[in-house]
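Chain residues, written in single-letter form:
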Amino acid sequence: MSTSPPPIPPPEEMREIFRTMTLIRRFEERAAEEYMAGRIGGFLHLAIGEEAAIVGTVSALRPDDPLTSTYREHGQALARGTDPRAIMAELLGRETGICRGRGGSMHLMDVQRAFYGGYGIVGGAVPLALGLAWAARYRETEQVSVTMFGEGAANQGVVSECFNMAGLWDLPIVFLILNNQYGMGTPVERAAAVDDFFPRAAAYDIESWKVDGMDVLAVRAALSEAARLAREERRPACVELLAYRYRGHSMSDPDTVRAAEEKERWKARDPLITFERVLLGEGIIDAEGVAAMQAEVDTVVDDATAFAQGSPEVPVADLADYVYAEPWNDAANGSALVRP
Amino acid sequence: MSTEVKDVTYREAINQALREEMIRDESVFLMGEDIGHFEGAFKVTKGLLAEFGEKRVVDTPITEAGFTGLCVGAAMAGLRPVVEIMTVNFALVAMDQIVSNASKIHYMFGGQVDVPMVIRMPGGAGHQLSAQHSHSLDAMFAHVPGLKVCVPSTPEDAKGLLKTAIRDDDPVIVLESEGLYGKKGPVGGEDHLIPFGQAVVRRPGRDCTIVATSRMVWVALAAAEQLAAQGVEAEVIDPRTYRPLDLDTLAESVRRTSRAVVVDEGWPECGIAANLAAHLYESCFDWLDAPIGRVNSADVPMPYAKNLEQAAIPQPADVVAAVMATLAREVPR
């Protein structure tokens with residue numbers, strides 16, 4: 001783990017980081033309620049407990065740095081500034097959703113904010129991130145591609161392929177391994193020959209290290225350094241964040257595998273509570289300020305939920321829209337294969 | 001100005017398309033195994049590294065899933081990658097990137113980004129390369145909404161379809177034929193694009209429609225020649241793209257001839273021929289005078305031994321027999 005004390009951002013930014021973490025927490029808690037009420041279908045993977053990893057990462061990047069993620073990505077979109085209404089509407093499968101109801105919880109994207117999406121095949125989005133880095137170098141921009149994936153994805157072959165090409169071609173990419181210690185219900189020690197994952201990238205000549213993923217400032221500092229390496233020295237980097245998700249793999253996972261004692265131990269290091277303590281201790285916010293901010297965030301989540309619930313369903317006539325860039329034969333229920 | 005057209009090989013035609021499109025558009029780049037210094041396993045990319053440099057002609061490690069996915073990402077950022085997968089056999093390693101990412105990204109994100117990329121790869125049997133190096137997997141790609149699939153049979157089509165593919169805003173699979181790289185023919189100029197979804201009649205006829213693509217067009221034409229000697233005039237139609245498919249031209253022909261045979265180098269089960277036959281049954285049932293014939297490779301992994309391999313892949317005689325069957329006629333011995 002990195003030992004140097006993280007630099008402290010200005011107070012305004014500290015408050016913004018805390019607000020975004022709170023927004024993600026409250027948004028996802030509400031999403032869980034909507035799921036239980038039957039208004040969200042499919043899979044719903046919550047990142048509760050991982051807010052420091054998400055916000056620490058996004059806050060260290062430039063707004064135009066392309067970001068890719070897994071299917072556990074509501075927080076990344078929120079942190080990038082996507083309208084919570086458009087996210088909740090997507091979760092509810094509505095026309096007003098950020099992906100017009102075609103993606104759902106696992107496939108959010110907001111290309112206007114350089115959030116290049118959440119993907120459902122474990123490890124499958126890492127090559128895309130490499131391609132976004134490739135494009136940045138091809139066009140000689142200063143962008144750094146950042147891709148977040150789990151320690152489970154690190155076991156996929158294609159991720160090693162990407163480490164190799166990034167190291168070989170010195171692409172401006174940051175691999176962020178969010179090690180939440182479980183691939184669905186399988187703990188790291190039953191899935192990986194070595195507990196640490198960052199040395200795998202190091203084996204491909206990529207600067208790599210590990211930090212505490214429950215500490216938002218430590219994450220932010222690590223990502224700042226990783227992005228600097230990629231941006232200024234044109235070298236790839238890899239950061240492993242050790243973290244924990246409080247909920248099961250998805251809402252359909254009753255989470256019976258993990259010991260209650262283990263969960264309590266990690267919850268005692270809750271990233272929101274610990275960061276709130278820092279803010280209070282530094283006098284950056286007071287208890288009243290915290291309460292006001294939480295109330296404001298709740299209003300935003302209420303509004304997003306009401307908006308989503310009140311939004312129209314996607315017209316069935318539009319079923320085949322977006323299969324191709326230019327519609328060919330996008331007749332409802334029809335094949336896009338055959339010329340009309 | 002001279003308008004004389006010099007015949008070139010299918011291989012050279014593809015090379016011309018790549019070169020012309022790279023000159024035309026800076027965002028076009030090539031990526032694949034041994035395409036630069038080695039100039040391609042089939043020498044399709046000959047001279048391109050020397051002309052365009054390592055930024056735009058990129059030799060990769062042997063890592064099909066990785067570089068195919070990289071090119072999907074680059075396409076999402078607005079570049080126009082042309083991937084060469086050395087042969088279609090290795091595309092199986094990259095299938096997740098092609099099916100789960102390339103074909104779906106435009107749809108599942110509500111049209112926010114295009115994926116303007118081309119994946120070229122040759123396939124087919126006939127060179128005693130045995131079970132793992134002789135695939136015809138057209139049906140797997142044509143199965144997937146979001147992809148476009150080209151199957152050129154002539155140098156002109158190889159060039160014109162590839163140029164269209166490179167300028168297209170969707171992921172396009174271009175299935176070349178290893179057996180056709182040396183085939184010569186005329187090609188169009190820089191501005192000659194062949195639109196997707198336009199079948200072409202390779203040989204007109206009134207007695208039976210033969211549908212075939214890629215190398216099977218030449219098998220079908222050889223069969224048509226033999227049939228003509230027996231007084232049977234077969235019409236050979238080449239759809240040129242499976243996705244989109246020009247069903248109108250196929251159906252118009254079948255309604256005229258009342259008989260059809262579909263030739264496909266892939267396996268028979270759930271294959272291209274089965275699919276085209278189903279389309280033709282749906283659109284031409286009342287016009288048909290006989291069941292639609294299918295000619296496929298045998299339902300076995302491709303064997304090595306030369307005689308077995310030849311027995312496994314469609315031959316002109318198989319097509320002749322299938323056409324004769326639609327006419328309820330025996331093939332004379």
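Anything mentioned here points back to the structure above.
Right, let's walk through the structure included here. Computed from a prediction, not measured in an experiment: that's the story for all the values here. (Residues numbered from 1 in each chain as written. Chains lettered and ligands numbered in written order. Predicted model: local features only at pLDDT ≥ 70, side-chain atom pairs only at ≥ 80, totals over all residues. Heavy atoms only, no water.)

### Looking at the sheet that holds strand S10 (residues 208–211) of chain B
All names here are of chain B.
Part 1: In space, the five strands of this open sheet follow the order S9-S11-S10-S13-S14, with mixed pairing throughout. Lying at the two open borders of the sheet, with one neighbouring strand each, are strand S9 (200–203) and strand S14 (293–295). Within this sheet the neighbouring strands show an average axis-to-axis angle of 25°, counted without direction.
Part 2: Pairing of S10 with strand S13 (residues 260–263) involves three bridges; the strand directions are parallel. Looking across to S13, one finds that Thr209 is bridged to Ala260. (Pairing = 2+ DSSP bridges. Helix = DSSP H or I, 4+ residues; strand = E, 2+ residues; numbered from the N terminus. Axes fitted to C-alpha atoms, helices over the stretch in contact; angles between N-to-C directions.)

### What about the pattern of salt bridges?
Part 1: By the definition in use, this model includes 46 salt bridges over all chains.
Part 2: Among the ionic pairs, A:Asp302 bridges to A:Arg30, the shortest N-O distance being 2.7 Å. Of the two residues, A:Asp302 sits in helix H11 (residues 287–310) while A:Arg30 sits in helix H1 (residues 11–36), which places them 272 residues apart along the sequence.
Part 3: For A:Arg30, a relative accessible area of 19% corresponds to the buried category.
Part 4: A salt bridge links B:Asp170 to B:Lys148, with the nearest nitrogen and oxygen atoms 3.0 Å apart. You can see B:Asp170 sitting in the loop between helix H8 (155–167) and strand S7 (172–177) and its partner B:Lys148 sitting in strand S6 (residues 148–150), a full 22 residues away along the chain.
Part 5: A residue is classified by how much of its surface remains accessible, and B:Asp170, at 2% relative accessible area, is buried. (Salt bridge = Lys/Arg side-chain N within 4 Å of Asp/Glu carboxyl O. Buried < 20%, exposed > 50% of the residue type's maximum accessible area, 1.4 Å probe, protein only.)

### Remarks on unusual backbone geometry
Part 1: Going from B:Arg243 to B:Pro244, the amide bond is cis rather than trans, its omega being 0°.
Part 2: Although it is not a glycine, A:Arg234 sits at a positive phi angle of roughly 55°.
Part 3: Inspection of the secondary structure puts A:Arg234 in the loop between helix H8 (216–232) and strand S8 (237–242).
Part 4: Under the relative-accessibility criterion, A:Arg234 is labelled partly exposed at 25%.
Part 5: In this structure, B:Ser214 takes a positive phi of about 50° despite not being glycine.
Part 6: When you line up the elements, B:Ser214 lands in helix H9 (residues 214–229).
Part 7: B:Ser214 sits in the buried class, given a relative accessible area of 10%.

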